[in-house]
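Chain and residue survey
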Amino acid sequence: KAGVTQTPRYLIKTRGQQVTLSCSPISGHRSVSWYQQTPGQGLQFLFEYFSETQRNKGNFPGRFSGRQFSNSRSEMNVSTLELGDSALYLCASSFGLPNEQYFGPGTRLTVT
Amino acid sequence: GQQVMQIPQYQHVQEGEDFTTYCNSSTTLSNIQWYKQRPGGHPVFLIQLVKSGEVKKQKRLTFQFGEAKKNSSLHITATQTTDVGTYFCAGPMNTGFQKLVFGTGTRLLVSP
């Protein structure tokens, strides 16, 4: 069974730009969660989607948004990038929280 | 807000020594999950505990869920260099199961 895939794996953007990250969950998983990981803040929950609906959202500004498609693939978007948005963005799929999650390799975003 | 703390933040052991990380939640958890993240990698699900006082073993790893369901521990017997990584506990938010709160993590370094 193929694992969770994320694209792109690495990204360098300039402050003020926007970025879209993509996540393809494990086949059969309808839940996709997104996390931001930084050395200082650890793993922070961004949001969770289940069957195209956002069920919960973390404490992040509105510049962070996401969506899920009918095939369960998900995208997250960050607009007006700030230096502090530099992080590893991880998506995880599951049959639905609070079940165990399967993480993708992440997208390393660097904002300059 | 709900917090999940882990201690220690970092531990360096010699191969063959035992290791324990402790996870403490500010609120009661419906379940506790443990993940391992190797350097440069992504979190990988290890186990989920649900019942009060539950103890589960995976080879040299022993996981416990406290009686009050507010704390948990992971004990590794006779560490090996392959145990190197950061260990995270995680629990669902009590105000909405569709949100997982990760602990601060314990980074383990094992010297041969």
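What counts, and at which threshold
- Residues numbered from 1 in each chain as written.
- Chains lettered and ligands numbered in written order.
- Predicted model: local features only at pLDDT ≥ 70, side-chain atom pairs only at ≥ 80, totals over all residues.
- Heavy atoms only, no water.
- Disulfide = S-S within 2.5 Å.
- Helix = DSSP H or I, 4+ residues; strand = E, 2+ residues; numbered from the N terminus.
- Buried < 20%, exposed > 50% of the residue type's maximum accessible area, 1.4 Å probe, protein only.
- Phe/Tyr/Trp six-rings, centres within 6.5 Å; stacked < 30°, edge-to-face > 60°.
- Pairing = 2+ DSSP bridges.
- Axes fitted to C-alpha atoms, helices over the stretch in contact; angles between N-to-C directions.

With that settled, consider the state of the cysteines. All names here are of chain A. Scanning the entire structure with this criterion turns up 2 disulfides over all chains. Note on cysteine connectivity: C23 is disulfide-linked to C91, with sulfurs 1.8 Å apart. When the S-S torsion is 65 degrees, as for the bridge of C23 with C91, the disulfide is right-handed. On the criterion of sequence distance, the pair formed by C23 in strand β3 (residues 19-24) and C91 in strand β9 (residues 87-94) is long-range, its members being 68 residues apart. Each member of the pair, C23 together with C91, is buried.

A word on the packing of aromatic side chains. Within the structure shown, the criterion is met by 12 aromatic pairs over all chains. An aromatic cluster of three or more residues is present, and its members are Y35, F45 and F103 of chain A together with Y35, F45, F88 and F102 of chain B.

What follows covers the sheet that holds strand β3 (residues 19-25) of chain B. All names here are of chain B. Read from one edge of the open sheet, 5 strands run β1-β3-β8-β7-β6, paired in antiparallel fashion. Each edge of the open sheet is held by one strand with a lone partner, namely β1 (4-7) and β6 (55-58). This sheet shows a mean twist of 15 degrees between the axes of neighbouring strands, independent of strand direction. Pairing geometry for β3 and strand β8 (residues 71-76), over 6 bridges, is antiparallel. Counted as the bridge partner of T20 is H75 from β8.

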